[in-house]
Amino acid sequence: MSNIKEKVLEVKNLKKHFPVGRKTVLKAVDGINFHIFRGEIFGIVGESGCGKSTAGRTIIQLYEPTAGEIIFNGKKIQDQLKKKDLLKFRQEMQMIFQDPYASLNPRMNVREIITAGLTVHNIVPKNEHENYISELLEKVGLNTSHANRYPHEFSGGQRQRIGIARALSVNPKFIIADEPISALDVSIQAQVVNLMKELQVSRDLTFLFIAHDLSMVKHISDRIGVMYLGNMVEIATSEELYSNPLHPYTQALLSAIPLPNPKQERHRERIILKGDVPSPISPPSGCPFRTRCSKAMGICAEVKPEWKEIYNNHWVACHLYN
Amino acid sequence: MSSNKNIVYNDELFEKVNYYHVVQEDKTVESKTDNYWVKAMKTLFKNKWAMLSLLCIVFFIVMSLLGPIMNDHTYKEQDLTRAFLPPKIPILADVHWLPFDGYANGVDQYELMGVEESFWFGTDQFGRDQWTRVWYGTMISLSIAFIAAIIDFFIGVTYGGISGYFGVKVDNVMQRIIEVLVGIPNLVIIILAIIILKPGLVSIICAIVLTGWVGMARIVRGQVLKLKSQEYVLASKTLGLTHPKILTKDILPNSMAQIIITTMFTVPGAIFFEAFLSFIGLGLPAPMASLGTVINDGFESLQIYPYLVIFPSIIISLLLISFNLLGDGLRDALDPKMKH
Amino acid sequence: MNKDYLLEVNNLQVTFKTNNTEVHAVRGVNFQLKEKETLAIVGESGSGKSVTAQSIIKLISEPPGKINNGSIFYKGEDLLTKPERYFSSIRGKEISMIFQDPMSSLNPTLKIGRQIAETIIRHEKVNKETAYKRTIELLKLVGIPNPEKRIDQYPYEFSGGMRQRVMIAIALSCNPKILIADEPTTALDVTIQAQIIELLNDLQQKLNMSTIIITHDLGVVANMAHRVVVMYGGKVAETGTVDEIFYQPKHPYTWGLLSSIPKLDSKEKKLIAIDGSPPNLANPPKGCPFAPRCPYAMKVCIEQSPGIVSSSDTQKTACWLLDEQAPITDTPETARIEG
């Protein structure tokens with residue numbers, strides 16, 4: 001990566017609340033801050049219900065943010081509501097979805113699925129569609145003859161490749177991958193991850209990689225953000241996060257991952273978190289993690305910890321480091 | 001070591017094969033399978049009852065078109081000199097256990113009244129040819145049902161689609177309107193409509209459609225609500241597709257199975273409803289005929305001249321059963337998950 | 001039937017009939033379960049691991065499924081020759097099972113306490129009071145706080161992890177000899193998964209039962225299993241003790257699995273993926289099922305099914321590479337794990 005890192009995406013105090021019933025709101029994302037540099041893979045990890053997918057969908061404007069700013073390529077997205085700007089944004093930022101069985105329209109064949117975006121953004125003239133699609137399919141490890149097939153004829157891994165081809169079809173600069181491998185088999189996961197890494201280099205892409213599997217996120221990402229109950233609790237480079245986790249939740253998360261190494265596992269000291277994640281409808285006061293934290297102090301219940309840069313590029317929200 | 005030790009294998013067998021070649025072969029997907037509609041139709045063709053029903057429906061449609069022109073009578077031609085003749089079919093006239101011998105009360109009514117001609121289904125109180133009236137009535141009933149179903153389809157799909165897709169406020173308003181419509185008893189609305197519109201074909205269709213589309217709208221809305229959070233719809237949104245495109249390319253094709261099934265069940269509903277309206281006297285004005293009015297006319301003299309009711313009743317029953325069985329068959333074929 | 005084994009599965013073959021194809025889900029599987037051990041069956045989706053486990057207590061619905069061949073010996077008797085009603089007496093009592101999705105296995109309209117107590121009453125013919133007392137003990141055993149209060153709650157009032165604990169409590173209610181756990185932690189979050197793994201390991205030691213755990217996650221295997229059965233394409237690729245499978249794997253599929261998972265402590269930037277996709281078992285390959293994806297495949301692999309080679313008392317591998325005539329092939333660097 002070059003020395004002068006250009007921030008391609010900046011998220012400031014982003015909030016997304018969903019109304020649940022008449023008076024209650026579900027605070028899916030409750031004020032998160034981070035930025036992503038051009039050309040890097042930024043991972044977000046967290047358990048189900050931590051708001052990581054909601055964050056991704058809000059950034060790509062599938063949901064309207066409740067509060068906060070999203071700055072993409074130096075422009076505030078909320079200001080780009082003009083039709084032309086929005087169209088440009090839709091071309092530059094794309095998404096890869098989680099469920100390969102639900103993310104492809106079952107009534108369209110592969111060609112129709114990929115062509116949809118081409119016509120909207122006039123990527124190539126119509127008479128070149130055929131060639132363009134062939135090239136794209138080969139790039140993601142499928143072949144031209146697959147263009148006439150329907151999604152149900154493909155395996156999970158192949159469907160995910162089609163999803164990637166669809167996202168790539170409009171030449172995006174930034175891709176949000178929302179749990180792209182969690183529905184796939186172990187041996188297929190590696191194929192898809194390798195493909196994304198290849199594309200990152202060959203197409204000069206920036207990725208936001210959302211997943212719950214910390215070992216895979218650590219493998220693929222340059223920097224990682226850890227989310228808990230709608231809040232970002234820690235951000236660091238993946239090496240730093242693994243070797244020097246600061247937040248007690250990150251420590252517990254790392255320690256909870258079962259390693260495929262029986263001898264090591266027999267001697268490993270585990271931090272096993274007690275209890276369950278509280279409901280995002282009525283989150284705990286102060287620090288969201290305090291109800292399960294072994295190091296919780298009095299102040300944790302009263303004041304929400306500040307989001308601070310402890311070391312260079314290592315951010316954490318925890319009273320222990322105050 | 002090996003359990004196959006005693007068998008000597010040729011050394012050549014242990015040469016390494018071109019690994020990439022094998023992988024490449026493996027990458028081609030499984031043998032081409034039928035697309036959704038072809039598969040559904042194949043399932044439907046295998047369903048005996050649905051096919052029998054389809055045959056039955058086709059037969060009635062053909063007869064409703066051909067029946068009225070198979071003899072020289074029209075549905076409104078009256079001749080009181082030949083009123084209440086029992087059915088008589090020349091070929092079957094000698095088989096006395098069948099009701100086609102022209103006898104009533106032990107007397108050959110045709111001889112009694114001096115009628116040369118044979119009326120296959122007999123004649124009614126005004127001497128109108130029952131055969132022509134029954135088939136003409138079938139044609140009118142089917143037309144009403146089909147037209148009503150088509151209009152239901154268009155209003156219901158549009159209304160339900162918009163209501164479900166745009167959600168929140170739009171949905172709220174549109175659903176309240178439906179609730180108001182459903183809240184008022186059907187019959188009240190229909191009686192009012194018929195009073196305003198004057199009885200006739202158009203007003204009956206209007207009456208049926210006025211509340212009939214609600215069912216379709218609800219089904220479509222449910223489908224759209226379910227589908228619009230599907231990841232492939234989200235994918236289309238992130239690609240920048242417009243709302244009408246998403247509705248017509250992603251959402252409608254995937255709701256089509258439900259829509260077709262619902263339409264299939266709307267048709268028999270409309271046939272029955274028309275008959276019901278005619279039966280309570282809100283139907284077509286005389287001398288026009290529908291299955292409902294024909295049955296209603298015959299009902300007045302049911303005990304003396306049962307044949308006036310029997311034939312149209314058999315037709316309407318078979319039609320209703322066939323449409324329902326075909327609908328069931330379609331549901332099994334288009335939406336296999338609904339089975340059992 | 002060997003006396004050392006509590007359960008012995010021999011040449012099990014199961015097929016499923018759909019419309020016009022027959023899927024050969026399990027094609028001749030052999031394995032044994034000893035007393036007080038945890039056996040892991042590892043494989044990807046479609047490898048036949050779940051079908052194998054379900055066959056043991058005849059949870060395969062016939063049709064479309066059909067157990068075509070094989071025998072399953074439990075306590076000296078072949079379970080496959082037993083009538084249906086025999087199974088209802090051993091299910092839950094001798095062999096019980098827990099599943100991936102605890103919500104769909106619990107009745108949402110009945111209180112938790114009643115669901116557990118009813119299982120106890122059905123199998124052990126005790127009175128209601130004893131059953132409820134035992135229910136509370138069980139809930140305590142599986143680590144549910146305030147069991148006295150919790151028995152009066154409905155399944156929706158429990159979180160995913162708590163529900164899985166309830167399922168474990170139900171499975172343990174009649175002191176089974178064997179507990180079969182089918183992907184028990186797959187639907188759970190990592191921190192909750194760690195809790196359930198700890199609980200299952202704990203219980204296995206406390207209660208002296210044998211456990212069969214079915215999973216695709218090698219991390220879970222490393223944490224729980226004593227012995228491992230690796231399945232691929234409806235067949236057993238390799239069996240061995242957990243250390244043998246992780247540190248001296250002999251089958252190229254096991255190598256592939258170990259190479260394709262990211263290791264938290266490594267700096268390696270590229271994963272070694274297994275190319276291609278699993279075989280279609282409606283039309284299974286005649287040779288080794290892994291041959292089309294195997295970087296070491298030889299002609300013989302495509303032509304003929306490999307025999308089983310024992311490389312130690314406990315490790316058995318079905319691979320042509322171990323034949324005398326085959327070229328000597330070492331475990332690739334990427335599949336090596338430092339113990």
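Quick caveat: nothing in here was measured; it's all calculated off a predicted structure.

Analysis parameters
Residues numbered from 1 in each chain as written. Chains lettered and ligands numbered in written order. Predicted model: local features only at pLDDT ≥ 70, side-chain atom pairs only at ≥ 80, totals over all residues. Helix = DSSP H or I, 4+ residues; strand = E, 2+ residues; numbered from the N terminus. Rg over C-alpha atoms; globule rule 2.2 N^0.38 Å. Buried ≥ 20, exposed ≤ 12 C-beta atoms within 10 Å, placed from the backbone. UniProt positions renumbered as here; feature names shortened; annotations may be inferred. Core = buried A, V, L, I, M, F, W, Y, C linked by C-beta atoms within 7 Å. Contact = placed C-beta atoms within 7 Å. Nonpolar A, V, L, I, M, F, W, Y, C, P; charged D, E, K, R; others polar. Pairing = 2+ DSSP bridges. Axes fitted to C-alpha atoms, helices over the stretch in contact; angles between N-to-C directions. Parallel < 35°, antiparallel > 145°, perpendicular 65-115°, else oblique. Left-handed = near helix turned anticlockwise from the far one by under 90°.

1. A closer look at the overall build of chain A
Part 1 of the reasoning: Within chain A one finds 11 helices and 12 strands.
Part 2 of the reasoning: Computed over C-alpha atoms, the radius of gyration of chain A comes to 21 Å, within 12% of the 20 Å expected from 2.2 N^0.38 for 322 residues, which places it in the range of a compact globule.
Part 3 of the reasoning: If you line up chain A on its principal axes, its C-alpha atoms span 70 × 55 × 45 Å.

2. What to know about the overall build of chain B
Part 1 of the reasoning: A tally of helices and strands in chain B yields 12 helices and 2 strands.
Part 2 of the reasoning: Each helix and strand of chain B, ordered N terminal to C terminal, gives the series α-α-α-β-β-α-α-α-α-α-α-α-α-α.
Part 3 of the reasoning: C-alpha extents for chain B along the principal axes are approximately 105 × 65 × 30 Å.
Part 4 of the reasoning: Per-residue burial for chain B yields a buried fraction of 38% across its 340 residues.

3. Points about helix α1 (residues 52-59) of chain A
Count 3.6 residues to each turn of an α-helix, and residues three or four apart come out pointing the same way.
Residue and element names in this part refer to chain A.
Part 1 of the reasoning: Of all 8 residues in α1, 8 are buried, a share of seventy percent or more.
Part 2 of the reasoning: Those residues of α1 that sit buried are Lys52, Ser53, Thr54, Ala55, Gly56, Arg57, Thr58 and Ile59.
Part 3 of the reasoning: Once α1 ends, the next one or two residues include Gln61, with phi positive near 70°.

4. As for the UniProt feature "domain: ABC transmembrane type-1" (unreviewed entry) in chain B
Part 1 of the reasoning: UniProt annotation of "domain: ABC transmembrane type-1" (unreviewed entry) refers to residues 138-327 of chain B when read in the numbering used here.
Part 2 of the reasoning: Secondary structure over residues 138-327 of chain B splits into 84% helix and 0% strand, and the C-alpha atoms at its two ends are 20 Å apart.

5. What about the environment of Lys263 of chain A?
Part 1 of the reasoning: Among the structural elements, Lys263 of chain A can be located in helix α10 (residues 262-267).
Part 2 of the reasoning: On the neighbour-count criterion, Lys263 of chain A (15 C-beta atoms within 10 Å) is partly exposed.

6. Some words on the UniProt feature "transmembrane region" (unreviewed entry) in chain B
Residue and element names in this part refer to chain B.
Part 1 of the reasoning: According to UniProt, the "transmembrane region" (unreviewed entry) feature falls on residues 49-70, 134-157, 177-196, 202-220, 259-284 and 304-327.
Part 2 of the reasoning: When the span residues 202-220 is considered, its composition is 100% helix and 0% strand, and the gap between its end C-alpha atoms is 26 Å.
Part 3 of the reasoning: Its end C-alpha atoms 29 Å apart, residues 259-284 is made of 81% helix and 0% strand.

7. What to know about the nonpolar core
The tendency in soluble globular proteins is for nonpolar side chains to be buried as a group.
Part 1 of the reasoning: Counting 260 residues, the largest nonpolar core has Phe209 of chain A together with Val221 of chain C as the members making the most contacts within it.
Part 2 of the reasoning: Counting residues per element, this core draws most heavily on helix α5 (residues 130-166) of chain B, at 14 residues.
Part 3 of the reasoning: Residue contacts for Val221 of chain C: discarding those within four places in its chain leaves Ala40, Val42, Thr215, Val228 and Val242 of chain C.

8. Comments concerning the interface of chain C and chain A
Size of an interface: often given as the accessible area lost when the parts come together.
Part 1 of the reasoning: The partner chain A presents 34 residues to the 36 residues of chain C that form the contact.
Part 2 of the reasoning: It is helix α8 (residues 190-207) of chain C that provides the largest number of residues to the side of chain C that touches chain A, a total of 7 residues.
Part 3 of the reasoning: Looking at the side of chain C that touches chain A, its residues break down into 17 nonpolar, 13 polar and 6 charged.

9. Topic: the sheet that holds strand β8 (residues 210-215) of chain C
By way of backbone hydrogen bonds, the strands of a sheet pair with one another, either parallel or antiparallel.
All names here are of chain C.
Part 1 of the reasoning: Spatial ordering of the open sheet is given by β6-β7-β8-β3-β9-β10-β12-β11, a layout of 8 strands whose pairing is mixed. Unpaired on one side and paired on the other, β6 (95-98) and β11 (308-310) mark the two borders of the sheet. Shown here is a sheet whose adjacent strand axes are inclined to one another by a mean of 20°, direction ignored.
Part 2 of the reasoning: Relative to strand β12 (residues 316-318), β11 is paired through 3 bridges, and the arrangement is antiparallel. Looking at the pairing, Ile308 lines up with Ala318 of β12.

10. What about the pairing of β8 of chain C?
All names here are of chain C.
Part 1 of the reasoning: Counting buried residues along β8, 6 of its 6 residues qualify, which places the element largely inside the surrounding structure.
Part 2 of the reasoning: The alternating pattern of β8 places Ser210, Ile212 and Ile214 and Thr211, Ile213 and Thr215 on opposite faces, both of which are buried.
Part 3 of the reasoning: Bridge count for strand β3 (residues 38-42) against β8 is 5 bridges, and the pairing is parallel. Each bridged residue has a counterpart across the sheet, and for Ala40 the counterpart in β8 is Ile213.
Part 4 of the reasoning: Sheet topology note: the strand β7 (residues 178-182)/β8 ladder contains 5 bridges and is parallel. Residue Asp182 lies in a different strand from β8, and its bridge partner there is Ile214.

11. With respect to the packing of helix α7 (residues 160-172) of chain C against α8 of chain C
All names here are of chain C.
Part 1 of the reasoning: Running from N to C, α7 and α8 point in directions that differ by 15°, and their axes come no closer than 10 Å. One finds that α7 runs roughly parallel with respect to α8. Handedness of the crossing formed by α7 with α8: right-handed. Of the residues in α8, those touching α7 at Gly160, Gly161, Gln164, Arg165, Ile168 and Leu172 are Ile192, Gln195, Ile196, Leu199, Leu203 and Leu207.

12. Examining helix α9 (residues 231-238) of chain B
Part 1 of the reasoning: Among the 8 residues of α9 of chain B, 8 are classified as buried, and the element is accordingly described as predominantly covered.
Part 2 of the reasoning: For α9 of chain B, the set of buried residues is Glu231, Tyr232, Val233, Leu234, Ala235, Ser236, Lys237 and Thr238 of chain B.
Part 3 of the reasoning: Against the buried residues of α9 of chain B lie α2 (83-92), β6 (93-96), α3 (110-121) and α5 (156-168) of chain A together with α8 (201-227) and α10 (243-279) of chain B.
Part 4 of the reasoning: Just beyond α9 of chain B, the residue with positive phi is Gly240 of chain B, at close to 90°.

13. Observations concerning the packing of α5 of chain B against α10 of chain B
Geometry of a packed helix pair, given as the angle between the helix axes and the separation of the axes.
Residue and element names in this part refer to chain B.
Part 1 of the reasoning: The interhelical angle for the contact between α5 and α10, taken along N-to-C directions, is 145°, at an axis separation of 8 Å. Where α5 crosses over α10, the two elements pack in a sense that is right-handed. Taken together, the residues of α10 that come into contact with α5 (itself represented by Ser141, Ile144, Ala145, Phe146, Ala148, Ala149, Asp152, Phe153, Val157, Gly161 and Tyr165) are Leu247, Ile251, Ile259, Thr263, Thr266, Val267, Ala270, Ile271 and Glu274.
Part 2 of the reasoning: Residue composition of the contact of α5 with α10, grouped by class: 14 nonpolar, 4 polar and 2 charged.

14. Considerations on the sheet that holds strand β11 (residues 308-311) of chain A
All names here are of chain A.
Part 1 of the reasoning: Taken in spatial order, the 8 strands of this open sheet run β6-β7-β8-β3-β9-β10-β12-β11, and their pairing is mixed. Each having just a single partner strand, β6 and β11 make up the two edges of the open sheet. Between one strand and the next, the sheet's axes are offset by a mean angle of 20°, whatever the strand orientation.
Part 2 of the reasoning: The pairing of β6 with strand β7 (residues 174-178) spans 4 bridges and is classified as parallel. Looking at the pairing, Gln94 lines up with Ile175 of β7.

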